[in-house]
Amino acid sequence: MKQYTQSELQKMYMEPSEELKDCIHQEISSLPIKEQEEEIVKKKLSFSFVSVIAILLALVAVAYAATEVYHRISVNWKGETVEESEIVPQPTAEIPVPTEEADLHQIAERLVESAPEGEIVKASYPDPEGGQSGVRRSFCQKYTSWEELQQALSKNSGITLPAWIPDGYHLQYAEISFKSKNDYHLIEEKQEGSVTLRRYSVDDENKVIDECYLLLQDDEKHTISITSTLSGSTDSNNSAINIPADNSVTSVTVPGMENAIAINSTGNIGSTLYLRRLLDSPIKWVDTPDMPAFVMAYNEEHIDIWATDLAIDELKKMFSLE
């Protein structure tokens with residue numbers, strides 16, 4: 001069962017549903033506020049009044065989260081249901097973080113965020129249990145030029161770009177992440193208090209691109225979101241996708257792809273297509289520097305496409321490779 005942290009609950013009552021808004025409105029409207037105090041309230045809400053509102057919001061959000069049930073199913077790449085489940089969110093309180101550890105985490109975040117792009121960066125610090133905690137950022141590179149993105153993916157990449165883009169759509173944003181075929185070079189290691197920062201690079205000829213995210217839009221802000229990810233799995237019977245139970249799943253054919261699944265939702269939330277393609281040959285890579293160095297291989301590519309204003313047939317056309 002999924003559990004909600006305090007920060008997630010806060011988001012729920014900061015952006016409540018219509019049902020939650022009604023509950024909040026009813027609870028707040030019942031609070032006793034005298035007319036003669038109106039001018040004072042307009043100038044400055046009293047601490048007690050603000051506290052009551054916050055408590056009510058939290059209590060209503062907790063009750064709402066604890067009673068709502070999500071029905072979900074898991075399907076494999078053949079579109080077959082392999083698991084059905086009901087998820088009842090249960091609220092849980094966050095475990096308080098010691099002030100010293102919180103301070104170290106903030107330092108680690110700052111060091112990672114200030115490091116140059118295109119590197120793998122890790123800032124680690126000792127935790128109270130004698131282990132190591134930290135913040136990490138993977139190798140990634142951002143693009144806004146379609147030509148530069150094509151060039152980056154043309155070098156022995158297993159990532160598939162769209163073969164066709166609907167009229168009026170253009171690249172808004174792209175990001176690729178990568179690992180190394182055989183080695184990571186330590187660029188810098190430095191200490192700030194108890195936090196250790198390590199920065200690594202990978203030679204261009206050793207880069208293995210393992211994920212690419214694309215965001216396409218037209219002038220009316222209709223959106224196409226595409227995520228292509230390399231995977232080591234080669235079993236289409238394995239559970240691959242979790243979706244709401246009231247959505248329908250259809251196995252479709254897309255030339256050049258081993259499997260294709262179309263998701264038809266009950267609400268007006270766009271069209272979704274999942275694709276699976278076997279790579280021509282395995283792509284080998286080694287794990288990151290802080291893990292044991294052993295060679296692994298990617299064997300297939302998974303492509304997730306979601307569009308706000310396109311039909312499934314148009315999404316299929318974007319990745320038809322024949």
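Presented here is a report on the structure given in the accompanying data block. (Residues numbered from 1 in each chain as written. Predicted model: local features only at pLDDT ≥ 70, side-chain atom pairs only at ≥ 80, totals over all residues. Heavy atoms only, no water.)

## Section: a negative patch on the surface
Rules: In this scheme, patches are assembled from residues that exceed 30% relative accessible area and form no salt bridge. Like charges are connected within 9 Å, while nonpolar side chains (Val, Leu, Ile, Met, Phe, Trp, Tyr) are connected within 5 Å. Surface accessibility follows the Shrake-Rupley procedure with a 1.4 Å probe radius. Residue values consider only the protein chains on display as shielding. Should a side-chain nitrogen of Lys or Arg be within 4 Å of a carboxyl oxygen of Asp or Glu, the pair is scored as a salt bridge. Asp and Glu count as negative and Lys and Arg as positive, but His and the ends of the chain are not part of the count. Taken as the charge centre is NZ of Lys, CZ of Arg, CG of Asp or CD of Glu, depending on the residue. Where helices and strands are cited, they refer to DSSP runs of H or I of at least four residues and of E of at least two residues respectively, numbered from the N terminus. For every residue, the accessible area (1.4 Å probe, protein chains only) is compared with the maximum for its type, and the residue is labelled buried under 20%, exposed over 50%, or partly exposed between those bounds.
On the surface, a cluster of negative charge is made up of Asp219, Glu220, Asp309 and Glu314. Mapped onto the fold, aspartate 309 is located in the loop between strand S17 (295-307) and helix H7 (312-318). Residue class for aspartate 309 comes out partly exposed when judged on its relative accessible area of 45%.

## Notes on helix H6 (residues 146-153)
For the record, the criterion: By arc we mean the arc of the directions from the helix axis to the C-beta atoms, nothing more.
Those residues of H6 not exposed but buried are Trp146, Leu149, Ala152 and Leu153. For H6, the arc enclosing every buried residue in end-on projection is 125°, short of the 170-degree limit, so these residues lie on one face. Relative to its buried face, H6 has exposed residues pointing more than 90 degrees away, namely Glu147 and Gln151.

## Focus on helix H5 (residues 99-114)
As a reminder, the rule being used: Helix span is expected to be 1.5 Å times the residue number reduced by one. Only heavy atoms enter the contact rule, under which two residues are in contact if any of them lie within 4.5 Å.
Counted at 1.5 Å a residue, the expected span for H5 with its 16 residues is 22 Å, and the 23 Å between its end C-alpha atoms agrees. Inspection of H5 places Glu101, Leu104, Ala108, Leu111 and Val112 among the buried residues, and these make up the whole buried set. Buried residues of H5, viewed axially, fall in a sector of 95°; they line one side. In H5, the exposed residues that point more than 90 degrees away from the buried face are Thr99, Gln106, Glu113 and Ser114. Against the buried residues of H5 lie strand S5 (120-126), strand S6 (132-137), strand S9 (185-192) and strand S10 (195-201).

## Some words on the layout of surface pockets
Going by this rule: Buried and open spaces are told apart on a 1 Å grid over the protein atoms alone, a cavity being a set of points where a 1.4 Å probe fits but cannot get out and a pocket being an open set with protein on both sides within 12 Å along at least five of seven lines. Residues with an atom within 4 Å of a point are the lining residues. Grid points are joined across faces, edges and corners, and a volume is the space filled by probe spheres set on the points. Three classes are used: nonpolar for Ala, Val, Leu, Ile, Met, Phe, Trp, Tyr, Cys and Pro, charged for Asp, Glu, Lys and Arg, and polar for all others, with Gly counted as polar.
Its boundaries defined by the atoms lining it, the largest pocket holds a volume of some 420 Å³. Looking at the largest pocket, it is lined by 18 residues, and the ones nearest its centre are Ala152, Lys155, Asp204, Lys207 and Ile209. Elements represented by at least two residues in the lining of the largest pocket include exactly strand S7 (140-143), H6, strand S8 (170-180), strand S11 (207-217) and strand S16 (271-286). A per-class count over the lining of the largest pocket returns 7 nonpolar, 4 polar and 7 charged.

## With respect to the nonpolar core
Keep this limit in mind: The set of buried Ala, Val, Leu, Ile, Met, Phe, Trp, Tyr and Cys residues whose side-chain atoms join them within 4.5 Å is what this entry labels a nonpolar core.
Leu149, Leu214, Ile224, Ile226, Leu275 and Ile305 are the most contacted members of the largest nonpolar core, which totals 45 residues. When residues of this core are traced back to their parent elements, those giving at least two are H6, S8, S11, strand S12 (223-231), strand S15 (259-264), S16, S17 and H7. Ignoring any residue separated from it by four or fewer positions in sequence, one finds isoleucine 305 in contact with Ile224, Ser225, Ile226, Ser271, Thr272, Leu273, Leu275, Leu315 and Phe319. Grouped together as the second largest cluster of nonpolar side chains are 11 residues, Ala108, Leu111, Ala123 and Val195 included.

## Overview of the packing of aromatic side chains
As a reminder of what qualifies: For Phe, Tyr and Trp, where Trp contributes only its six-membered ring, two rings pair if their centres lie within 6.5 Å, and the inter-plane angle classes them as stacked under 30 degrees, edge-to-face over 60, or tilted in between.
Tallied over the full model, the rule gives 4 aromatic pairs. Ring plane angle 15° and centroid distance 5.2 Å describe the contact between phenylalanine 139 and phenylalanine 178, whose orientation is recorded as stacked. Within this pair, whereas phenylalanine 139 is found in the loop between S6 and S7, its partner phenylalanine 178 is found in strand S8, the two being separated by 39 residues in sequence. When sorted by exposure, phenylalanine 139 lands in the same class as phenylalanine 178, which is buried.

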